[in-house]
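Structural features, examined
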2 protein chains.
Amino acid sequence: MSVSSFDPRATPTGAYRPGRIRDENLNTIMSAAAAEFVQHGYRGASIQRIADRAGLPKANVHYYFPRKTHLYQSVLKEIVALWNSELDELQVDDDPAQALARFIRSKVRLSFLHPTASKLFALEIISGAPNLQAYLSGELREWVAARAGVVQAWIDAGRMRPVDPLQLIVSIWATTQHYADFDEQVLKLMGKRRYDAAAMEQIADFLTDLILTGCGLEPPVS
Amino acid sequence: MSVSSFDPRATPTGAYRPGRIRDENLNTIMSAAAAEFVQHGYRGASIQRIADRAGLPKANVHYYFPRKTHLYQSVLKEIVALWNSELDELQVDDDPAQALARFIRSKVRLSFLHPTASKLFALEIISGAPNLQAYLSGELREWVAARAGVVQAWIDAGRMRPVDPLQLIVSIWATTQHYADFDEQVLKLMGKRRYDAAAMEQIADFLTDLILTGCGLEPPVS
DNA sequence: TAAAAATCTGGCCGTTTGGTCGAGATTTGG
DNA sequence: CCAAATCTCGACCAAACGGCCAGATTTTTA
């Protein structure tokens, strides 16, 4: 939820520069909004409470985001961009075990690092995805189809057990996402307060082991 | 979302009997409420819209559920009861492959049969589970611990590959739940409008195959 | 330093919210 | 068939809602 660390307007002195205030407030408000949207949903979120979370008067929020919809869609857009940019690729030339292990690990890390983003995305889809229809049938569909194609190529080349490639991607998505979205539930089951580095390793190891073995692959020693 | 089919007050003639109107309205309202809560969350749900969905005046909803919280908690309670009653068991004496396959299948069927219930449960947990804290650290925790114990016994007896039993249960929960909760997303990826019987079979087969193989078990031919 | 642009914010508006009330209609057991 | 219990529902209320505006303040440009 932070602006790119490279900003052409940055000055060594940190002095005022155009847009600095704007960028800061935009980030503050969007972070506050994401938390509020996750807790109460789009309709249940209150601009007054978002303003309180951000430490700003309500009218100031409306100065940057005249309508609630704009704010919500901005937050959602940022999440989609984050997911698109940070997720590992799968290449036909890669070793299936290595590539899948790396893919699972990057998805686990992403989920653990941005739980609020993950939850808001989940919320939107569970509620019928009124703002993501185009994304789901467009970008995401092609993204998944491409990865499924790679898996299919591996299978055709006899480099892994034949499993439905689409369902495999969906299952990786489902399990990794689950730990972020349902952290309240999973942490209670694990008897922990919050995830630590060890727990994250344990979970990444488990998922890699289960899924790779399920694909008839030897999990690489990490 | 329907009342127990066995009702001691039932009469062969179907004539009026005490509580008949009440039972009917209770069910109508709770179904309408579940749909509204899934679409807009607790805070975003409007009693007026719930009344509209149920085809009743708003004041009539308040007659049965004086406060919004009561209505929400009633719906949640019903879902938890449904989950508790319909899920298959795991017994130490069972054959691991058979038992796990049956467990996965029953969870898939439950998710596909009650998507709204599944979604509302997910929503509550993602939003911080303010109404399920006791359930998560109590009943559910013991339920999961018992099943994990059975899996551990199987492992100790050398009847399956050693995997973290808790994470295994969580992963089964995650994948099966995902198909119900994220149906909007999964259906778009599969290029379908809605799940049919064939799709449900395909998904249950895939999950059984992936997870059982991942546990070093031979998936039973179904 | 003066003008211009950007930012800030208290107060206001019409609408929707959860919830109340009480009078009237319906259903029930006796 | 009647009195009691149950159910129906339009009208109403205070609070919270999203959004608007105009004047005050700060920051940037020239």
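Residues numbered from 1 in each chain as written. Chains lettered and ligands numbered in written order. Predicted model: local features only at pLDDT ≥ 70, side-chain atom pairs only at ≥ 80, totals over all residues. Heavy atoms only, no water.

1. Thoughts on the overall build of chain A
Each helix and strand counted, chain A has 10 helices and zero strands in total. Listing each helix as α and each strand as β along chain A from the N terminus yields α-α-α-α-α-α-α-α-α-α. For chain A, the C-alpha atoms occupy an extent of roughly 60 × 40 × 35 Å along the three principal directions. Within chain A, buried positions represent 51% of all 222 residues. Once local pairs closer than 6 in sequence are excluded, the contacts in chain A between residues at least 24 apart make up 64%. Summed over all atoms, the accessible surface of chain A reaches about 10,200 Å², with 53% contributed by carbon and sulfur. Placing the 24 positive and 25 negative side-chain charges of chain A at their respective mean positions leaves the two points 9 Å apart. (Helix = DSSP H or I, 4+ residues; strand = E, 2+ residues; numbered from the N terminus. Buried < 20%, exposed > 50% of the residue type's maximum accessible area, 1.4 Å probe, protein only. Contact = heavy atoms within 4.5 Å. Areas by Shrake-Rupley, 256 points an atom, 1.4 Å probe, with all protein chains shown as cover. Lys, Arg positive; Asp, Glu negative; His and termini not counted. Charge placed at Lys NZ, Arg CZ, Asp CG, Glu CD.)

2. What to know about the nonpolar core
Formed by 154 residues in total, the largest nonpolar core has its most connected members in Leu 71 and Leu 168 of chain A together with Leu 71 and Leu 168 of chain B. Apart from residues lying up to four places away in sequence, Leu 71 of chain B is in contact with Ile 29, Met 30, Ala 33, Phe 37, Ile 50, Val 61 and Phe 65 of chain B. (Core = buried A, V, L, I, M, F, W, Y, C linked by side-chain atoms within 4.5 Å.)

3. Notes on the relation of the copies chain A and chain B
Aligned on chain B, chain A shows an RMSD of 0.0 Å; the corresponding rotation is 180° and the shift along the axis is 0.0 Å. Such values leave the two copies arranged in the relation of a two-fold axis. An overlap of 100% is found between the interface residues of chain A and their copies at the interface of chain B, pointing to a shared contact surface. (Least-squares fit on C-alpha atoms with pLDDT ≥ 70 in both.)

4. Considerations on helix α8 (residues 165–181) of chain A
Its 17 residues place the ends of α8 of chain A 24 Å apart at the C-alpha level, agreeing with the 24 Å of an ideal helix rising 1.5 Å per residue. Extensive coverage of α8 of chain A is indicated by the burial of 17 of its 17 residues. (Expected span 1.5 Å × (residues − 1).)

5. A few points about unusual backbone geometry
Notably, Ala 129 of chain A is not glycine yet its phi reads approximately 50°, a positive angle. Here Ala 129 of chain A is to be found in the loop between α6 (115–126) and α7 (133–156).

6. Thoughts on the interface of chain A and chain B
Each partner contributes to the interface: chain A provides 53 residues, whereas chain B provides 53 residues. Together, the buried faces of chain A and chain B total about 4,900 Å²; carbon and sulfur atoms form 65% of this surface. At the boundary of chain A with chain B, the tally comes to two salt bridges. Taken together, the links from chain A to chain B amount to 18 residue pairs in polar contact (both at pLDDT 80 or more). Secondary-structure elements contributing two or more residues to the side of chain A that touches chain B are α1 (20–44), α6, α7, α8, α9 (183–190) and α10 (197–214) of chain A. Considering only residue class, the side of chain A that touches chain B consists of 27 nonpolar, 16 polar and 10 charged. (Buried area = accessible area lost by both parts, 1.4 Å probe. Salt bridge = Lys/Arg side-chain N within 4 Å of Asp/Glu carboxyl O. Polar contact = N/O pair within 3.5 Å; in protein donor to acceptor, adjacent residues only side chain to side chain. Nonpolar A, V, L, I, M, F, W, Y, C, P; charged D, E, K, R; others polar.)

7. Things to note about the packing of aromatic side chains
We describe a pair of aromatic rings using the distance from one ring centre to the other and the angle between the two ring planes. Applying the stated criterion across every chain, the model contains 16 aromatic pairs over all chains. Ring centres 6.3 Å apart and planes at 55° place the aromatic pair Phe 121 of chain A and Trp 173 of chain A in the tilted group. Of this pair, Phe 121 of chain A sits in helix α6 while Trp 173 of chain A sits in helix α8, placing them 52 residues apart in sequence. With respect to class, Phe 121 of chain A is no different from Trp 173 of chain A; both count as buried. Relative to Trp 143 of chain B, the ring of Phe 103 of chain B lies with its centre 6.2 Å away and its plane at 35°, an arrangement referred to as tilted. With Phe 103 of chain B in helix α5 (residues 96–113) and Trp 143 of chain B in helix α8 (residues 139–156), this pair connects stretches of sequence that are 40 residues apart. This pair shows no difference in class: Phe 103 of chain B is buried, exactly as Trp 143 of chain B is. (Phe/Tyr/Trp six-rings, centres within 6.5 Å; stacked < 30°, edge-to-face > 60°.)

8. Remarks on the environment of Ala 45 of chain B
Of note, Ala 45 of chain B is situated in the loop between α1 (20–44) and α2 (47–54). Residues in contact with Ala 45 of chain B, not counting those within four places in the same chain, are Glu 36, Phe 37, His 40 and Lys 68 of chain B.

9. Things to note about the confidence of the model for chain A
Confidence in the prediction of chain A, expressed as mean pLDDT, is 92, and 91% of residues score 70 or more. Confidence drops under pLDDT 50 across residues 1–15 of chain A; counting only partners more than four residues distant or on other chains, this segment forms 17 contacts. (pLDDT = per-residue confidence, 0-100.)

10. Examining α1 of chain A
Between its first and last C-alpha atoms α1 of chain A spans 31 Å; for 25 residues at 1.5 Å apiece the expected length is 36 Å, and the helix comes up short by more than 12%. Along α1 of chain A, the helix axis deviates most sharply at Val 38 of chain A, where the bend reaches about 85°. (Bend = angle between axes of the 7 residues up to and from the residue.)

11. So, the packing of α8 of chain A against helix α10 (residues 183–190) of chain B
Between α8 of chain A and α10 of chain B, the least distance of the axes is 11 Å, while the angle of their chain directions is 160°. The angle between the axes of α8 of chain A and α10 of chain B places the two elements in the roughly antiparallel class. α8 of chain A and α10 of chain B meet at a crossing whose hand is right-handed. Of the residues in α10 of chain B, those touching α8 of chain A at Leu 166, Gln 167, Val 170 and Trp 173 of chain A are Gln 185, Val 186, Leu 189 and Met 190 of chain B. When the residues that make up the contact of α8 of chain A with α10 of chain B are grouped by side-chain class, the tally is six nonpolar, two polar and no charged. (Axes fitted to C-alpha atoms, helices over the stretch in contact; angles between N-to-C directions. Parallel < 35°, antiparallel > 145°, perpendicular 65-115°, else oblique. Left-handed = near helix turned anticlockwise from the far one by under 90°.)

12. Overview of the side chain of Arg 147 of chain B
Residues and elements named next belong to chain B. You can see Arg 147 is positioned in helix α8. Residue Arg 147 is classed as buried on the basis of its relative accessible area, which comes to 7%. Apart from residues lying up to four places away in sequence, Arg 147 is in contact with Asp 88, Glu 89, Leu 90 and Ile 169.

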